[in-house]
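Geometric and topological summary
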Amino acid sequence: MRITDVTTYVVKAYVGKPVTGFRGFYEDVASRISHGFTAVYVKITTDEGLIGWGEAIAREAPEAAAAVINSLFKPMLIGKDPLDNEVLWEQLFSAMRIRGHYAGYYVEALSGVDLALWDIKGKYFGRPVYKLLGGAFRDRVKAYASSVLFMNPEDTVKEIERLVQEGFRYVKIKIGRGYDMDKAVIKAIRDSLGNEVEIMVDANTAYNVSTAVKVGRMLEKYDVLWFEEPVPPDNIEAYSRIAKALDVPIAAAETLFTKYQWLEFMIKEAVDIVMPDIARVGGITEAMRIAALADAFGIPMTFHVGLSGAACRAATLQFIASLPSHITFTPTYEYYYIEKNPLAYEVVNGTFEIFKKDDVEVPGKPGLGIELNEEKLRGYVS
């Protein structure tokens, strides 16, 4: 079997209202992407008629990731055996590594190709990807509702009450508006709902070290499950200082790439819960290596999905199913409930996220377990 073609679809869907809680140090850098969704879908075709679909995370300038795939990866993939996915991963990664391209758009593009290759591999053997990873430890995955965006305390409580009624026990709250507002929101939730709900918080890098420690100590008093991205990810020492100062677990970092960056964070004891994004770190192939590191360091894993499309979501469920319980943190799967992403749900045939309260079934079809509707996908090409 040989690869005959590689196609990318740069797709966008804007909804005209904020769908992310990113604030960071400079709120004015938030762009139009805050009001919608983007994705780069990767289609790999073979001479035996098998087609694999992948996805590269693409929050800004998705055309950049597509250009990497079209200009560099495609010529390297044509004529190759798609079942040699680990060989191909190393060849693609090494092609520009000596020139400094070992993160960013380059690895995001590689992630999309890798997921498509795993999709082909599963379809070739007629098995879901989790079977190729060694089998499933579970057939359903615990999800959390992500993320309650910035509201006043009273409206936040009402929103969480609604989510609890829908069956979600785990809810993530966006914080980062300052100590007083963060405390008012968390206190209101606990005062109204007690321990009926498990709270996680995500600051999206909004704080410096001293403020993060102050906020973290407040979060400890309210039994928050994790404190996500308190500071920017380029300062490992800051993460290490915060993690050692606090008892509330520090979760990070959806922004990291490959095992090399994750190894640095683990060695520095800078993270208590690792949160990779499978469409960013290098796909399933590299996620396996990151999971091995997490296991060796005794650090549990949960996974970032955020605003991603169908291939990232399906691949994440496949991967979580293959992980033993001692390296998975509950909850493990991020369900972005705020706005139904059309690039995830309207471009597939059938349903791939089947909920029973806050449990999500792992897709059991061959490959990643999704079937893309190419005609609908083309409708979102900008």
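Residues numbered from 1 in each chain as written. Predicted model: local features only at pLDDT ≥ 70, side-chain atom pairs only at ≥ 80, totals over all residues. Heavy atoms only, no water.

- The name an unreviewed UniProt entry assigns to the protein is D-galactarolactone cycloisomerase, from the organism Vulcanisaeta souniana JCM 11219.

1. Some details on the packing of helix H3 (residues 104-125) against helix H10 (residues 283-297)
- Relative to each other, H3 and H10 sit at 100°, their axes nearing to 6 Å. By the criterion of interaxial angle, the relationship of H3 to H10 is roughly perpendicular. From H3, Ser111, Asp114, Leu115 and Trp118 reach across to H10, where they touch Gly283, Ile284, Thr285 and Met288.
- Considering only residue class, the contact of H3 with H10 consists of four nonpolar, three polar and one charged. (Axes fitted to C-alpha atoms, helices over the stretch in contact; angles between N-to-C directions. Helix = DSSP H or I, 4+ residues; strand = E, 2+ residues; numbered from the N terminus. Parallel < 35°, antiparallel > 145°, perpendicular 65-115°, else oblique. Contact = heavy atoms within 4.5 Å. Nonpolar A, V, L, I, M, F, W, Y, C, P; charged D, E, K, R; others polar.)

2. Brief notes about the sheet that holds strand E2 (residues 36-46)
- As summarised here, the arrangement of the three strands in space is E1-E2-E3, forming an open sheet in which the pairing is antiparallel. Strands with a single pairing partner mark the edges of an open sheet, and in this sheet they are strand E1 (3-14) and strand E3 (51-56). Along the sheet, successive strands turn relative to each other by an average axial angle of 20°, direction set aside.
- Each of E1 and E2 is contacted by helix H1 (residues 62-77), which is oriented at about 175° to E1, the strand it contacts most.
- Sitting on the sheet, H3 is in contact with E1, E2 and E3, with an inclination near 150° to E3. (Pairing = 2+ DSSP bridges.)

3. Thoughts on a nonpolar patch on the surface
- A cluster of nonpolar side chains, contributed by Leu263, Ile267 and Phe297, occupies part of the molecular surface with about 260 Å² of accessible area.
- Along the chain, Leu263 turns up in helix H9 (residues 258-267). (Patch = residues over 30% accessible without salt bridge, like charges linked within 9 Å, V, L, I, M, F, W, Y side chains within 5 Å. Areas by Shrake-Rupley, 256 points an atom, 1.4 Å probe, with all protein chains shown as cover. Salt bridge = Lys/Arg side-chain N within 4 Å of Asp/Glu carboxyl O.)

4. What about the domain arrangement of the protein?
- Structurally, the protein comprises domain 1 (3-126) and domain 2 (131-375).
- Distance from the C-alpha centre of domain 1 to the C-alpha centre of domain 2: 21 Å.
- Every contact between the two is made by 47 residues of domain 1 and, on the other side, 51 residues of domain 2.
- Carbon and sulfur atoms supply 64% of the area buried between domain 1 and domain 2, which totals about 4000 Å² over both sides.
- For the pair domain 1 and domain 2, the interface holds four salt bridges.
- Ionic pairing is found between Arg289 and Glu90, a salt bridge with its closest N-O pair at 3.3 Å.
- Run the count over domain 1 and domain 2 and you get 21 residue pairs in polar contact (both at pLDDT 80 or more).
- Breaking the side of domain 1 that touches domain 2 down by element, the ones donating at least two residues are E1, E2, E3, helix H2 (85-95) and H3.
- Here the element with the most residues in the side of domain 1 that touches domain 2 is H3; it accounts for 12 residues.
- Here the side of domain 1 that touches domain 2 is built from residues that sort into 22 nonpolar, 11 polar and 14 charged. (Domains from an automatic or database assignment. Buried area = accessible area lost by both parts, 1.4 Å probe. Polar contact = N/O pair within 3.5 Å; in protein donor to acceptor, adjacent residues only side chain to side chain.)

5. Structural notes on the packing of H2 against H3
- Running from N to C, H2 and H3 point in directions that differ by 165°, and their axes come no closer than 10 Å. With respect to H3, the axis of H2 lies roughly antiparallel. For the pair H2 and H3, the sense of crossing is right-handed. For the pair H2 and H3, contact is made by Asn85, Leu88, Trp89, Leu92, Phe93 and Ala95 and by Tyr106, Val107, Leu110, Val113, Asp114, Leu117, Trp118 and Lys121, respectively.
- Along the lines of polarity and charge, the residues of the contact of H2 with H3 split into 11 nonpolar, one polar and two charged. (Left-handed = near helix turned anticlockwise from the far one by under 90°.)

6. Observations concerning the environment of Tyr9
- Of note, Tyr9 is situated in strand E1.
- Separated by 243 residues in the primary sequence, Tyr9 and Ala252 place their C-alpha atoms 29 Å from one another.
- Sequence-distant contacts of Tyr9, that is, excluding residues within four places in its chain, are made with Ala39, Val40, Tyr41, Trp53, Glu374, Leu377, Arg378 and Val381.
- Within the structure, the side chain of Tyr9 is placed 2.3 Å from the side chain of Glu374, a separation counted as a polar contact.

7. Thoughts on the pairing of E3
- Burial analysis of E3 places five of its six residues in the buried class, which makes it a mostly covered element.
- Bridge count for E2 against E3 is six bridges, and the pairing is antiparallel. By the bridge assignment, Ile44 is partnered in E3 with Gly52.
- In this antiparallel pair of consecutive strands, E2 and E3, the connection spans four residues, and Gly49 shows a positive phi of 85°. (Buried < 20%, exposed > 50% of the residue type's maximum accessible area, 1.4 Å probe, protein only.)

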